Amino acid sequence: MKKNEEVQAAAQKALEANKKNKQGRQFVLWMLALVVGAALGWLGIKPLNELFTFIATVFTRLFQFIAVPTIALAVITTLAQLGGKKETGRIFAHAVTYTLLTTICAAGIGLMMYLWIAPGNLPADIIGAGTANVPQKLGHLTYYDHILSVIPNNLLQPFLSGNVLAVMMIAAAFGLGLAFMPKTENRDILMKGIMGFQELLFTLIRALLFILPVGILAFAAQLSAQIEAGVIVGALGKYTAVIIGSNVIQFFIVIPVFLLARGLNPLQVFKKMSPAIAVALFTKSSAGTLPVTLASAEHNMKANPAVSRFVLPICTTINMNGCAAFILVTSLFVMQNAGYEMSMPTMITWLFVAVLAAIGNAGVPMGCYFLTLSLMSGIGAPIGIMGVILPIYTIIDMIETAENVWSDSAVCAMTDHDLKGKIPEPSDGEAAGA
């Protein structure tokens, strides 16, 4: 009997070692795809670049296809299982606390960088020319309109339009409804169907992860070709330096400090979550990256599915570190150019406006840009500068989204670490999707 146990223990140890080796090989493969793709894109071979653009578009569409149902099902199943239990409140409290702390830090760093670098005003003719680049229908969009668009008026429209916040509201309502409804046979059948659908989605996500190196290669080549062709350039040197500098400090210093403070190794967390961060960089969508973020958290980081499937969808919509910095810095820059008084109380007020606005932003491409445009339009500021910023926003959006997903990953890791042993692992049936 003792020998049997020793053999089983040795077998388990070998399996775990193999899993670690496999994760290491995957990481190397993803990094290799990144480097090779960048090199091929820089060559400027037109037919090859067209092929990479096609592949990148295919992958982006696949992520979008699977993202919204993944968000909805993750929230529904988690709330259905935990909605009536105290564990739900504990997970939510940890997630929201870390989200607020990291987002306030991101906005604060943005403000300090803005005061330090102090970007000047743009010439009036450049601002006037930039007005033509602003999408006309968004030039008159108010923040009130943005909030109203989140409230769903039918079941299907949010899913069809990809309105992530509205989908979250519907999923939360369904999940809590399932948690508190009578435990009848109909409820059990409905839960089995939902869990089966979630298992199917996670099978598709695993297939997508298997071919992900091809997508990373194409994304890297596409970006490299754009930079080489001079498409992504920035005439707003100091403004761009403030935005990128703020994101870099948050990414490489602030978030790792949070992880270290909770007793976690930032390098290990980053390595395990690197597939999601890489996908976020190129897709420019936190919501679109969610399937990969969930898979990385559960397969690589070994997070409790009860935590990851609740925290990550929520963080996708409320944990927007990069967005908070962009909203604050861009708002200050626009108002400064418009001649608004830029006193310290005004800047501090806008810091909190930026944090709250970022929490209400949807994790979709250019979401921060359109939200900032809504805020500036709402206070009557000239929006021509938003048109000037638009050509360089592509690179800003990439960096912001990668930072957002890195922060989501950190919040999930810290919440899982804090609640380890306090939140029960899902049963085999409940975690089938993992």
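Cut-offs and rules
- Residues numbered from 1 in each chain as written.
- Predicted model: local features only at pLDDT ≥ 70, side-chain atom pairs only at ≥ 80, totals over all residues.
- Heavy atoms only, no water.
- Helix = DSSP H or I, 4+ residues; strand = E, 2+ residues; numbered from the N terminus.
- Contact = heavy atoms within 4.5 Å.
- Areas by Shrake-Rupley, 256 points an atom, 1.4 Å probe, with all protein chains shown as cover.
- Phe/Tyr/Trp six-rings, centres within 6.5 Å; stacked < 30°, edge-to-face > 60°.
- Buried < 20%, exposed > 50% of the residue type's maximum accessible area, 1.4 Å probe, protein only.
- Disulfide = S-S within 2.5 Å.
- Expected span 1.5 Å × (residues − 1).
- Bend = angle between axes of the 7 residues up to and from the residue.
- Core = buried A, V, L, I, M, F, W, Y, C linked by side-chain atoms within 4.5 Å.
- Patch = residues over 30% accessible without salt bridge, like charges linked within 9 Å, V, L, I, M, F, W, Y side chains within 5 Å.
- Salt bridge = Lys/Arg side-chain N within 4 Å of Asp/Glu carboxyl O.
- Polar contact = N/O pair within 3.5 Å; in protein donor to acceptor, adjacent residues only side chain to side chain.
- pLDDT = per-residue confidence, 0-100.
- Axes fitted to C-alpha atoms, helices over the stretch in contact; angles between N-to-C directions.
- Parallel < 35°, antiparallel > 145°, perpendicular 65-115°, else oblique.
- Left-handed = near helix turned anticlockwise from the far one by under 90°.
- Nonpolar A, V, L, I, M, F, W, Y, C, P; charged D, E, K, R; others polar.

**Looking at the overall build of the protein**
1) Next: Helix and strand counts for the protein come out as 18 helices and 0 strands.
2) Next: In the protein, of all internal contacts separated by at least 6 residues, the share reaching a separation of at least 24 is 85%.
3) Next: Surface summary for the protein: the accessible area is close to 19,600 Å², and the carbon and sulfur share equals 68%.

**Some points on the packing of aromatic side chains**
1) Next: The final tally for this structure, using the stated rule, is 6 aromatic pairs.
2) Next: Between the aromatic rings of tyrosine 239 and phenylalanine 333, the centroid separation amounts to 5.0 Å while the plane-to-plane angle is 25°, which identifies the pairing as stacked. Pair noted here: tyrosine 239 is in helix α10 (residues 237-261) and phenylalanine 333 is in helix α14 (residues 321-337), with a separation of 94 residues, a long-range link.
3) Next: Overall, tyrosine 239 belongs to the buried group, its relative accessible area being 1%.
4) Next: On the accessibility criterion, phenylalanine 333 (2% relative accessible area) is buried.

**Brief notes about the state of the cysteines**
1) Next: Under the definition given, this model contains 1 disulfide.
2) Next: There is a disulfide in this structure between cysteine 323 and cysteine 368, and the S-S distance comes to 2.3 Å. Taken as a pair, cysteine 323 in helix α14 and cysteine 368 in helix α16 (residues 367-378) lie far apart in primary sequence, 45 residues in all. Accessibility assignment for this pair places cysteine 323 and cysteine 368 in one class, buried.
3) Next: Unpaired in terms of disulfides, cysteine 315 finds its nearest cysteine sulfur in cysteine 412, a separation of 7.6 Å.
4) Next: The class for cysteine 412 is buried, based on a relative accessible area of 0%.

**A look at α10**
1) Next: Across its 25 residues, α10 extends 35 Å between first and last C-alpha, which sits within 8% of the 36 Å expected from 1.5 Å per residue.
2) Next: Where α10 bends most, at glutamine 250, the angle is about 40°.
3) Next: Immediately downstream of α10, the backbone of glycine 263 shows phi near 80°, a positive value.

**Examining the nonpolar core**
1) Next: The biggest cluster of nonpolar side chains holds 118 residues, and the ones touching the most others in it are Tyr239 and Leu259.
2) Next: The biggest single contributor to this core is helix α2 (residues 46-82), with 15 residues.

**Quick notes on a nonpolar patch on the surface**
1) Next: A surface patch of nonpolar side chains, about 500 Å² in accessible area, is lined by Leu100, Ile104, Leu115, Met344, Ile348 and Phe352.
2) Next: By the secondary structure assignment, methionine 344 is in helix α15 (residues 344-359).

**Here's the deal with the side chain of threonine 103**
1) Next: Checked against the element boundaries, threonine 103 lands in helix α3 (residues 86-117).
2) Next: Classification of threonine 103 as buried rests on a relative accessible area of 0%.
3) Next: Side-chain polar atoms of threonine 103 contact the side chain of asparagine 321, separated by 3.3 Å.
4) Next: Filtering out sequence-adjacent residues up to four positions away, threonine 103 remains in contact with Asn319, Met320, Asn321, Ala324 and Val355.

**Things to note about the pattern of salt bridges**
1) Next: Per the counting criterion, the structure on display carries 3 salt bridges.
2) Next: When the shortest N-O distance is used, the salt bridge between aspartate 418 and arginine 262 registers 3.0 Å. Here aspartate 418 is found in helix α18 (residues 393-418), whereas its partner arginine 262 is found in the loop between α10 and α11 (266-283), with 156 residues between them in sequence.
3) Next: Classification of arginine 262 as partly exposed rests on a relative accessible area of 34%.
4) Next: The closest approach of N and O atoms between glutamate 298 and arginine 309, which form a salt bridge, is 2.9 Å. One end of the pair, glutamate 298, is in helix α12 (residues 286-300); the other, arginine 309, is in helix α13 (residues 305-318), and 11 residues separate them in sequence.

**Comments concerning the confidence of the model for the protein**
Fine structural detail should not be taken from predicted coordinates in areas where pLDDT scores are low.
1) Next: On average, residues of the protein score 78 in pLDDT, and 78% of them reach the 70 mark or higher.
2) Next: Per-element averaging of pLDDT across the protein places helix α4 (residues 124-130) at the bottom with 53 and α10 at the top with 93.
3) Next: Low confidence marks residues 230-235, where pLDDT is under 50. Its contacts with residues over four positions away, or in another chain, come to 9 contacts.
4) Next: Across residues 428-434, where pLDDT falls below 50, the model places 19 contacts with residues more than four positions away in sequence or in other chains.

**Concerning the packing of α12 against α13**
1) Next: Running from amino to carboxyl end, α12 crosses α13 at an angle of 160°, the nearest separation of the two axes being 10 Å. Between α12 and α13, the crossing angle belongs to the class labelled roughly antiparallel. Seen along the crossing, α12 lies across α13 with a hand that is right-handed. Contact with α12, carried on its side by Ser286, Ala287, Leu290, Thr293, Leu294, Ala297 and Glu298, involves Pro305, Ser308, Arg309, Leu312, Pro313 and Thr316 of α13 and no other residues of that element.
2) Next: When the residues that make up the contact of α12 with α13 are grouped by side-chain class, the tally is 7 nonpolar, 4 polar and 2 charged.

**Let's talk about unusual backbone geometry**
1) Next: If you check the backbone angles, alanine 118 has positive phi at about 50° while not being a glycine.
2) Next: Its identity as a non-glycine residue notwithstanding, lysine 302 has a phi of 60°, on the positive side.
3) Next: A residue is classified by how much of its surface remains accessible, and lysine 302, at 45% relative accessible area, is partly exposed.

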